[in-house]
Amino acid sequence: MQKTYYDPKDLKDFGKISEWDQELGEKFFEYYGKVFEDGALTAREKSLIALAVSHTVQCAYCIDAYTSDGLKRGLEREEMMEAVHVAAAIKSGATLVHSVQMMKKYDKLSF
């Protein structure tokens, strides 16, 4: 068995965060549950968004949870991978667009 920093078994203990602060834990889970209900977006669409965001914030637990959730909601692997590529493109674009600041600063200071 491969050892990892993230223990997949820890994911099932997420609900226990309320034990250390019941009020805030309950408020968080109420909010979290509400966010993922059908609304203008379906729960399926929200699961796909969550999977993509999980990759950009690099949360192994979230990737695990929303891969499983997406499969339960009928997401196909092509949809999942395409969403991850969209997230990667946005993250890399956000990194690169900040280079404009660097270029301007360089031009200003390199006289």
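Now for a look at the structure at hand. (Residues numbered from 1 in each chain as written. Predicted model: local features only at pLDDT ≥ 70, side-chain atom pairs only at ≥ 80, totals over all residues. Heavy atoms only, no water.)

Attention now goes to the packing of aromatic side chains. For the structure shown, the criterion picks out seven aromatic pairs. Look at tyrosine 6 and tyrosine 61: their rings are 5.1 Å apart centre to centre, the planes differ by 90°, and that puts the pair in the edge-to-face class. Remark: tyrosine 61 occurs in helix H3 (residues 60-72) and tyrosine 6 occurs in the segment before helix H1 (22-35); sequence separation between them is 55 residues. A relative accessible area of 22% means that tyrosine 61 is categorised as partly exposed. Ring geometry for phenylalanine 14 and phenylalanine 28: centres 6.0 Å apart, planes at 70°, overall edge-to-face. With a gap of 14 residues between them, phenylalanine 14 in the segment before H1 and phenylalanine 28 in helix H1 connect regions that are remote in the sequence. Relative accessible area serves as the criterion here: at 36%, phenylalanine 14 is assigned to the partly exposed category. Members of the aromatic cluster, joined through ring pairs, are Phe14, Phe28, Phe29, Tyr32, Phe36 and Tyr66. (Phe/Tyr/Trp six-rings, centres within 6.5 Å; stacked < 30°, edge-to-face > 60°. Helix = DSSP H or I, 4+ residues; strand = E, 2+ residues; numbered from the N terminus. Buried < 20%, exposed > 50% of the residue type's maximum accessible area, 1.4 Å probe, protein only.)

By the element assignment, glycine 15 lies in the segment before H1. Here glycine 15 falls in the partly exposed class, since its relative accessible area comes to 45%. In the structure, glycine 15 is positioned 86 residues away from glutamine 101 in sequence and 42 Å away in space, judged by C-alpha atoms.

Counting residues in each nonpolar core, the largest one holds five residues, listed as Ala50, Leu51, Tyr66, Leu75 and Met80. Dropping the residues within four chain positions of it, leucine 51 is found in contact with Ile63, Tyr66, Thr67 and Met80. (Core = buried A, V, L, I, M, F, W, Y, C linked by side-chain atoms within 4.5 Å. Contact = heavy atoms within 4.5 Å.)

With that out of the way, let us pick up the layout of surface pockets. Estimated volume of the largest pocket: approximately 340 Å³. Lining the largest pocket are 13 residues, and of these Leu11, Phe14, Tyr32, Ala65 and Tyr66 sit closest to its centre. Broken down by element, the lining of the largest pocket gets its largest block of residues, five residues, from H3. Of the residues belonging to the lining of the largest pocket, the class tally is 10 nonpolar, no polar and three charged. (1 Å grid on protein atoms, 1.4 Å probe; cavity = no way out; pocket = protein on both sides within 12 Å on 5 of 7 lines; lining within 4 Å. Points joined across faces, edges and corners; volume = space filled by probe spheres on them. Nonpolar A, V, L, I, M, F, W, Y, C, P; charged D, E, K, R; others polar.)

Moving on, we come to helix H2 (residues 43-56). Taking 1.5 Å as the rise per residue, H2 with 14 residues should run 20 Å; its terminal C-alpha atoms sit 20 Å apart, in good agreement. Within H2, burial applies to Ala43, Lys46, Ser47, Ala50, Leu51, Ala52 and Ser54. Positive backbone phi, approximately 55°, marks glutamine 58, located one or two places after H2. (Expected span 1.5 Å × (residues − 1).)

Next up on the list: the pattern of salt bridges. Considering all chains together, one arrives at six salt bridges under this definition. One salt bridge connects aspartate 13 with lysine 16, and the closest N-O pair in it is separated by 3.4 Å. (Salt bridge = Lys/Arg side-chain N within 4 Å of Asp/Glu carboxyl O.)

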